[in-house]
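Inside the fold
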Amino acid sequence: MIKIEGVSKSYGNGAPALSNLNLEIEEGEFVFVVGASGSGKSTFIKLLLKELNPTEGTIVVDDVNLSKLKSRGTAKYRRKVGVVFQDFRLLQDRDVYSNIAFAQRVIGASPREIKKNVARVLSLVGLSEKYRSNPSELSGGEQQRVALARALVNKPQYILADEPTGNLDPENSWEIMKLLEKINEQGTTVIVVTHNMEIVKAMNKRVITMKKGVKVEDSKGEEQTDEY
Ligand SMILES: Nc1ncnc2c1ncn2[C@@H]1O[C@H](COP(=O)(O)OP(=O)(O)OP(=O)(O)O)[C@@H](O)[C@H]1O
């Protein structure tokens, strides 16, 4: 469970990027975070990844206060969190298999585990046949599915996706969202930052709306009123 209490983040130049944010995300939830450019969405993701620390307030994940973590604790915490970005961030000089296996090697998985787990996630995202391809040989949608497979290979409890469909056409965007939904149905908590209001409306999930660093709405699917 994620508990965010009184969190503000200032970069030291003008208005805070986040102001007094309070929210809880339960195990197994699917949450969209929406809001105009500059409303604090990426800052929110960076705080959850502990790439940044709050200026004020606390973020507690599964009873651990992120601000208290030192480097070893941070590394352990990050294993619970899979991340997907708008620009895929795949290693261009390695094939699909190696891109995903790399994440397993970092945590010291055995060659047998690596083989089994890479096959599992490639099958989940429907790319078993492409394991020897290089990212440059794949479509944007396929590259994002590889990035998702890489995020999932260490069996994270949480998936954070920052604009995962920002570079994709509508069809591929839907495919990625449906995959995220499937992953969520299998038990992973999923948090998705997006500008794609058409998808947000159609998916009928919890939606947190940010405006100038402030949470202005937190509603479940159909209750949602504003476009932002
Ligand atoms: N490294 C930084 N240094 C200074 N200010 C920053 C930094 N990162 C973000 N900001 C500021 O913090 C505010 C929130 O930015 P943030 O990137 O979190 O918004 P966002 O909602 O993710 O925007 P977008 O949809 O454009 O990605 C903005 O005013 C931005 O200019």
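The following refers to the structure shown. Sequence order as written defines the numbering, with residues in each chain counted from 1. Confidence filtering applies because this is a predicted model: local features only for residues at pLDDT of at least 70, side-chain atom pairs given and counted only at 80 or more, and all residues used for totals across whole chains, interfaces and linings. Side-chain descriptors were evaluated using all non-hydrogen atoms of the structure, hydrogens and water having been removed beforehand.

1. Here's the deal with the overall build of the protein chain
To keep things clear, this is the line we draw: Counting from the N terminus, the helices are the DSSP runs of H or I reaching at least four residues and the strands are the DSSP runs of E reaching at least two. Summary of the burial criterion: residues with accessible area below 20% of their type's maximum are buried, those above 50% are exposed, and those between are partly exposed, where the area comes from a 1.4 Å probe applied to protein chains only. Here the accessible surface of atoms and residues is derived via Shrake-Rupley with a 1.4 Å probe, and residues count as covered only by protein chains that are part of the display.
From N to C terminus, the protein chain includes seven helices and ten strands. The dimensions of the protein chain, computed from C-alpha atoms along their principal axes, are 45 × 40 × 30 Å. Across the 228 residues of the protein chain, 51% fall into the buried class. A total of about 11300 Å² of accessible surface is found on the protein chain, and carbon and sulfur atoms cover 47% of it.

2. So, the nonpolar core
For clarity, the threshold we go by: Take the buried residues of types Ala, Val, Leu, Ile, Met, Phe, Trp, Tyr and Cys, join any two whose side-chain atoms come within 4.5 Å, and each joined set is a nonpolar core. Residue contacts are counted whenever heavy atoms from the two residues lie within 4.5 Å of one another.
Counting 42 residues, the largest nonpolar core has Phe-32, Ile-100, Val-118, Leu-180 and Val-192 as its most contacted members. Listed by contribution, the elements that provide at least two residues to this core are strand E3 (30-35), helix H3 (96-106), helix H4 (111-124), helix H5 (140-152), strand E7 (158-162), helix H6 (170-185), strand E8 (189-193) and helix H7 (197-203). No other element matches the six residues that H5 contributes to this core. Ignoring sequence-local partners within four residues, the contact set of Val-192 consists of Phe-30, Val-31, Phe-32, Val-33, Ala-161, Pro-164, Met-177 and Leu-180. Ranked by size, the runner-up nonpolar core spans 27 residues in total, among them Leu-18, Ile-25, Phe-44 and Ile-191.

3. Examining the pattern of salt bridges
To keep things clear, this is the line we draw: What makes a salt bridge here is a side-chain nitrogen of Lys or Arg within 4 Å of a carboxyl oxygen of Asp or Glu, nothing more.
Applying the stated criterion to the full structure yields ten salt bridges. Of the charged contacts, one joins Lys-205 and Glu-181 as a salt bridge, the two residues approaching to 2.9 Å between their closest N and O atoms. In this pair, Lys-205 is assigned in the loop between H7 and strand E9 (206-211) and Glu-181 in helix H6, connecting sequence segments 24 residues apart. Neither residue differs from the other here; Lys-205 and Glu-181 are each classed as buried. A single network of salt bridges, built from pairs that share partners, joins Glu-29, Arg-206, Lys-215 and Asp-218.

4. Digging into the environment of Glu-171
Inspection of the secondary structure puts Glu-171 in helix H6. On the accessibility criterion, Glu-171 (63% relative accessible area) is exposed. When the C-alpha positions of Glu-171 and Gly-141 are compared, they lie 8.8 Å apart, and in sequence the two are 30 residues distant.

5. So, the layout of surface pockets
Selection rule: Here a cavity is any set of points on a 1 Å grid over the protein atoms alone where a 1.4 Å probe fits but cannot get out, and a pocket is any open set with protein on both sides within 12 Å along at least 5 of 7 lines; a residue lines the site when it has an atom within 4 Å of a point. Grid points are joined across faces, edges and corners, and a volume is the space filled by probe spheres set on the points. Ten residue types, Ala, Val, Leu, Ile, Met, Phe, Trp, Tyr, Cys and Pro, are classed as nonpolar, four, Asp, Glu, Lys and Arg, as charged, and the remainder, Gly among them, as polar.
Taken as a whole, the largest pocket spans an internal volume of roughly 630 Å³. Elements with a contribution of two residues or more to the lining of the largest pocket: helix H2 (71-78), strand E6 (81-85), H3 and H5. Residue classes in the lining of the largest pocket are distributed as twelve nonpolar, three polar and five charged. Empty space within the second largest pocket amounts to approximately 150 Å³. Here the element with the most residues in the lining of the second largest pocket is helix H1 (residues 41-48); it accounts for three residues. Its residues assigned to classes, the lining of the second largest pocket shows two nonpolar, six polar and five charged.

Note that all results are geometric; they support no functional claim without further evidence.
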